[in-house]
Amino acid sequence: LPHQKRKRFTAEFNLKPEQVEILVQDKYGANFFEEAVSELREPESGRRDPGIILLFNYFTTDLWGLMAKENMRIHDLKITPADFSELIRLIVTKEINSRAAKDILLKMFQTGGDPDEIRKSEDLTQVSNEDILRRQAEKTILENPAAVKDYRKGKANALQFLMGKVMAELKGRANPQTLRRIFENLLK
């Protein structure tokens, strides 16, 4: 019942009351969410995974947005709760970034499919290797002296421009936190 779900979602998942209210409005959606969350739990400990809030956000914005666009209901989805949970795990473990996650989710929505298989077949694995990112950043710095000069004058958007160049070169797969740190160190 909704009042039981409210108590359980608040206690077990640490959701805010307004988040819980969104979920209990749709019985099937709440069940999907709960099944997906159960896939994130550590089997031995029963503790919740830190990805629950991320799962909630992707569920209520990205997935619901796709469903609304196609006038679809939760029970019509080709995505299983287990596969949706796996998508969130790929984000939490930084195997993919948020851009890749949205691309994978769209493909999952259209075809079903395992998110890890889509990640591999579409070459959407996040690039976190510092040597690769440093080489790309150094190349970008050499090719864009005006942006470097602007950054050193205090224009923060110049850093975004430089990062965007590397992101384009790596087809959006660069780890943005690592890339930012590398640029900041190189531009000191």
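Because the structure is a prediction, the values reported are computed rather than measured. (Residues numbered from 1 in each chain as written. Predicted model: local features only at pLDDT ≥ 70, side-chain atom pairs only at ≥ 80, totals over all residues. Heavy atoms only, no water.)

How do you make sense of the packing of helix α8 (residues 130-143) against helix α11 (residues 176-186) when you look at a structure like this?
Angle between the axes and distance between the axes are the two parameters that describe a pair of packed helices. The N-to-C vectors of α8 and α11 enclose an angle of 50 degrees; their axes lie 10 Å apart at closest approach. Taken as axis vectors, α8 and α11 run oblique relative to one another. The chirality of how α8 crosses α11 is right-handed. Facing E130, L133, R134, A137, E138, T140 and I141 of α8, the residues of α11 in contact are T178, L179, R181, I182, F183 and L186. Its residues assigned to classes, the contact of α8 with α11 shows 7 nonpolar, 2 polar and 4 charged. (Axes fitted to C-alpha atoms, helices over the stretch in contact; angles between N-to-C directions. Helix = DSSP H or I, 4+ residues; strand = E, 2+ residues; numbered from the N terminus. Parallel < 35°, antiparallel > 145°, perpendicular 65-115°, else oblique. Left-handed = near helix turned anticlockwise from the far one by under 90°. Contact = heavy atoms within 4.5 Å. Nonpolar A, V, L, I, M, F, W, Y, C, P; charged D, E, K, R; others polar.)

Would you mind going over the environment of K94 with me for this structure?
Looking at the secondary structure, you find K94 in the loop between α5 (81-92) and α6 (98-111). The contact partners of K94, leaving out residues within four places of it in the chain, are Q126 and N175.

Could you clarify how one ought to interpret the packing of aromatic side chains in this entry?
The description of two aromatic rings rests on the distance between their centres and on the angle between their planes. If you walk through the whole model with that rule in mind, you get 9 aromatic pairs. Between the aromatic rings of F9 and F13, the centroid separation amounts to 5.3 Å while the plane-to-plane angle is 35 degrees, which identifies the pairing as tilted. Of this pair, F9 and F13 both sit in helix α1 (residues 2-13), 4 residues apart, roughly one helical turn. Taking the relative accessible area as the measure of exposure, F9 reaches 0% and is therefore buried. The structure contains a cluster of three or more aromatic residues connected by ring pairs, namely F9, F13, F32, F33, F56, F59, W64 and F84. (Phe/Tyr/Trp six-rings, centres within 6.5 Å; stacked < 30°, edge-to-face > 60°. Buried < 20%, exposed > 50% of the residue type's maximum accessible area, 1.4 Å probe, protein only.)

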